[in-house]
Amino acid sequence: MSAPTIALAGGGVRIADVVRVARGDAPVALAPGTLDRLAAAREVVDRLAATDTLVYGVTSALGANTGKPIAEAERSAYQLRAVRARAVGVGPRHPRDVVRAMLFARAAGMAVGGSGASPAVLEALVAMLNAKVHPAVPSRGSIGVADLAPLSHLALPLVGEGEAEYGGDVIPGAEALRRASLLPIELAPKDGLALISANAATVGHAALVLNDCADALDALDVSAALAFEGFRANLTPLDPRVQAARPARGQVEIATRLRELLAGSALWQPGAARRVQDPVSFRCLTQVHGAALSALRIARDDVELELNSAADSPLVLLDDGELLSNGNFHVPALALAFDAAGLALAHAANLCVARCQRLYTPAMSGLPLQLTSLGPDHSGFATVQKTLTALANEIRHLANPSSLDSLPVSEAIEDHSPMTANVVAKTAAMVPLLHDLAAVELLSAAQAVDLRASDRAALGTGAAAAYDAVRVCVAALDEDRPLGPDIEKVAAMIAAGGLPLRDVLHG
């Protein structure tokens, strides 16, 4: 059954739409009135392009050449040269889903109408997306002052240049269009600039990363719930009355989530907890995960604002018939939001490591040392602590803010940049590490539950589902064996959606 079509109407695009297009190949269409809106904006561009009025990127050159006029006969050719000259990206190519997200994000921004692009450009962009022609886009080159480099690579196949993936083959852009029965487009004044002077590469990628970060945080909620069972944690911190007394952003929702996962658990019975007050990694879970959820939702609002905005420079003001140079291509808020989200997720990661270590310590857990009942001649989970520490170290490194690390370029015309693409990329790199941490906690907690020799029916419904998912992948640890493959199996299960996850981002 084919995915429902997503119509671009110049607003209303959500992160879930990006995910459906990027990973579910949902078709994209232009809502009625969209092309009319673009045509009206295009008339403004055409009128000004036929005059000697200096308009940035239309009748005046770009970057360090700003203010220098472009001869009328060269104004269309200049657009193609501008795209070619800015295709300076390097590094590994973005994967298929990220490229689709970029194409969709740029189409969504164009559909708002402020770009002044020729309607045929937007139609060609949507046609290429629907035909599954995916430009080869290097992952390095944007500094967050519009994604000039990646979007230039994204645009080259539209004009029959560059490279693209089609049907699994990476081939010249012109050949990819031919195989997809598409024709290259010709760029009119401002069309090239409209394609590349935006942050669609970063915004599209950011939407996918945020979706994945939200799933990773939810997986840590699930692994923590199973750890609560194995540790016999005190559940009074989850009491709704406690949460209502300090309803910090995200905290109440995380507490509700934990109560759902632990619904029906024997831990709710009086005297079931091991102690009156647990370590902070258990007791303050809702505070830390709540702060992370809040950070992700702030980032969500910034991403969805960008998806639905006309952040072009110059911007067509249709009602006034003007083209105004501006700075709306600059996205420091998005960079700061993702820096903050990375820091918040690193705190959640630290809590996960601490909970695992408490499970391995008899004085804390009441369980056998390193979760093995076979005595000191068996290691159990002892050396898994090294893996935990290595993962936490890498996550902390990735959580270091990078939005301040910029240098002036273009003869200091561009003397500030938020490095947003790099901030999003380092946040993306945290996701598989978070999956690995959640996998270690799930394995450790399942082992703790087994050593408790408790009735499976005594587990909360969500915790029991998580326990079953782990045991489908991996048997309980008896004799020592390599645990690295076990961790990777469970991490792959998490990445594939094998846990009882929910949409915490939009919940």
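This text gives an overview of the structure that appears in the document. The structure presented is a predicted model; accordingly, all values stated were derived computationally and were not measured. (Residues numbered from 1 in each chain as written. Predicted model: local features only at pLDDT ≥ 70, side-chain atom pairs only at ≥ 80, totals over all residues. Heavy atoms only, no water.)

**Points about the overall build of the protein chain**
Point 1. What the protein chain contains, in helices and strands, is 19 helices and 9 strands.
Point 2. In terms of overall size, the protein chain behaves like a compact globule, its C-alpha atoms giving a radius of gyration of 26 Å where 507 residues would be expected to give roughly 23 Å.
Point 3. A buried classification covers 54% of the 507 residues belonging to the protein chain.
Point 4. Taking as baseline every contact in the protein chain between residues at least 6 positions apart, the subset at least 24 positions apart corresponds to 78%.
Point 5. Of the roughly 20,000 Å² that the protein chain leaves accessible, carbon and sulfur atoms contribute 56%. (Helix = DSSP H or I, 4+ residues; strand = E, 2+ residues; numbered from the N terminus. Rg over C-alpha atoms; globule rule 2.2 N^0.38 Å. Buried < 20%, exposed > 50% of the residue type's maximum accessible area, 1.4 Å probe, protein only. Contact = heavy atoms within 4.5 Å. Areas by Shrake-Rupley, 256 points an atom, 1.4 Å probe, with all protein chains shown as cover.)

**Some details on the layout of surface pockets**
Left-over empty space is what a probe sized like a water molecule reveals as it rolls over the atoms.
Point 1. Taken as a whole, the largest pocket holds about 550 Å³ of empty space.
Point 2. Forming the walls of the largest pocket are 28 residues, and the residues nearest its centre are Tyr 56, Val 145, Leu 148, Ser 410 and Glu 414.
Point 3. Secondary structure elements with two or more residues in the lining of the largest pocket: helix H6 (148-155) and helix H8 (191-196).
Point 4. Of the residues assigned to the lining of the largest pocket, the class counts are 14 nonpolar, 11 polar and 3 charged. (1 Å grid on protein atoms, 1.4 Å probe; cavity = no way out; pocket = protein on both sides within 12 Å on 5 of 7 lines; lining within 4 Å. Points joined across faces, edges and corners; volume = space filled by probe spheres on them. Nonpolar A, V, L, I, M, F, W, Y, C, P; charged D, E, K, R; others polar.)

**Some points on the sheet that holds strand E6 (residues 163-166)**
Point 1. Spatially, the 3 strands line up as an open sheet ordered E4-E6-E7, and their pairing is antiparallel. For this open sheet the edge positions go to strand E4 (134-135) and strand E7 (169-172), each flanked by a neighbour on one side alone.
Point 2. With 4 bridges connecting them, E6 and E7 associate as antiparallel partners. Following the sheet pairing, Tyr 166 is matched in E7 by Asp 169. (Pairing = 2+ DSSP bridges.)

**Some thoughts on the pattern of salt bridges**
Point 1. Tallied over the entire structure, the rule returns 25 salt bridges.
Point 2. A salt bridge links Glu 74 to Arg 81; the shortest N-O distance between them is 3.2 Å.
Point 3. For Glu 74, a relative accessible area of 34% corresponds to the partly exposed category.
Point 4. Asp 339 is the salt-bridge partner of Lys 426, the closest N and O atoms lying 3.2 Å from each other. With Lys 426 in helix H17 (residues 420-452) and Asp 339 in helix H14 (residues 332-360), the pair connects residues that are 87 residues apart, well separated along the chain. In this structure, Lys 426 and Asp 339 share a single accessibility class: buried. (Salt bridge = Lys/Arg side-chain N within 4 Å of Asp/Glu carboxyl O.)

**Points about the environment of Ala 216**
Point 1. Considering the arrangement of structural elements, one finds Ala 216 in helix H9 (residues 200-231).
Point 2. Owing to a relative accessible area of 1%, Ala 216 belongs among the buried residues under this scheme.
Point 3. In this structure the C-alpha to C-alpha distance between Ala 216 and Leu 434, which are 218 residues apart in sequence, comes to 6.3 Å.
Point 4. The residues touching Ala 216, leaving out its near neighbours within four places in the chain, are Leu 434 and His 435.

**Regarding the pairing of E6**
Point 1. Here E4 runs beside E6; their pairing, made up of 2 bridges, is antiparallel. Within E6, the residue paired with His 134 across the bridge is Glu 165.
Point 2. In textbook terms, the turn of a hairpin is the stretch between consecutive antiparallel strands, and for E6 and E7 this stretch comprises 2 residues, one of which, Gly 167, has a positive phi near 60°.

**Things to note about the packing of H9 against helix H11 (residues 251-261)**
Point 1. The N-to-C vectors of H9 and H11 enclose an angle of 50°; their axes lie 10 Å apart at closest approach. As far as their axial angle goes, H11 and H9 are oblique. As for the relative orientation of H9 and H11, their crossing is right-handed in sense. Between H9 and H11, the residues in contact are Asp 218, Asp 221, Val 222 and Ala 225 and Ile 254, Arg 257, Leu 258 and Leu 261, respectively.
Point 2. When the residues that make up the contact of H9 with H11 are grouped by side-chain class, the tally is 5 nonpolar, no polar and 3 charged. (Axes fitted to C-alpha atoms, helices over the stretch in contact; angles between N-to-C directions. Parallel < 35°, antiparallel > 145°, perpendicular 65-115°, else oblique. Left-handed = near helix turned anticlockwise from the far one by under 90°.)

**A closer look at the nonpolar core**
Note on soluble globular proteins: their nonpolar side chains tend to be buried together.
Point 1. Core analysis: the biggest nonpolar cluster contains 151 residues, and Phe 104, Leu 195, Val 303, Phe 338, Tyr 360 and Leu 499 have the highest contact counts within it.
Point 2. By residue number, the principal contributor to this core is H9, which donates 21 residues.
Point 3. Contacts of Phe 104, omitting those with residues within four sequence positions, involve Ile 6, Leu 8, Val 13, Asp 17, Val 18, Val 21, Val 28 and Leu 129.
Point 4. In terms of nonpolar packing, the next biggest core, distinct from the first, is built from 9 residues, Ala 41, Val 44, Val 45 and Val 316 among them. (Core = buried A, V, L, I, M, F, W, Y, C linked by side-chain atoms within 4.5 Å.)

**Observations regarding the side chain of Ser 142**
Point 1. Along the polypeptide, Ser 142 turns up in the loop between strand E5 (138-140) and H6.
Point 2. Assessed through its relative accessible area of 7%, Ser 142 is described here as buried.
Point 3. At 3.2 Å, the side chain of Ser 142 forms a polar contact with the backbone nitrogen of Gly 144.
Point 4. Engagement of the side chain of Ser 142 in a polar contact is seen with the side chain of Asp 147, the distance being 2.5 Å.
Point 5. Apart from the residues lying within four places of it in its own chain, the contact partners of Ser 142 are Asp 147, Pro 150, Thr 202, Met 419, Ala 421 and Asn 422. (Polar contact = N/O pair within 3.5 Å; in protein donor to acceptor, adjacent residues only side chain to side chain.)

**Section: helix H13 (residues 285-307)**
Point 1. Between its terminal C-alpha atoms H13 stretches 32 Å, which fits the 33 Å expected from 23 residues at 1.5 Å a residue.
Point 2. In terms of burial, H13 is largely enclosed, as 17 of its 23 residues are buried. (Expected span 1.5 Å × (residues − 1).)

**Quick word on the packing of helix H16 (residues 384-399) against H17**
Point 1. Direction vectors running N to C along H16 and H17 enclose 160°, while the axes themselves pass 9 Å from each other. Judged by the inter-axis angle, H16 sits roughly antiparallel to H17. Note that H16 runs across H17; the crossing there is left-handed. In this structure, H16 contributes Val 384, Leu 388, Leu 391, Glu 394, Ile 395, Leu 398 and Ala 399 to the contact, and H17 contributes Lys 426, Ala 429, Met 430, Leu 433, Leu 434, Asp 436, Leu 437 and Val 440.
Point 2. Class assignment of the residues belonging to the contact of H16 with H17 gives a composition of 12 nonpolar, no polar and 3 charged.

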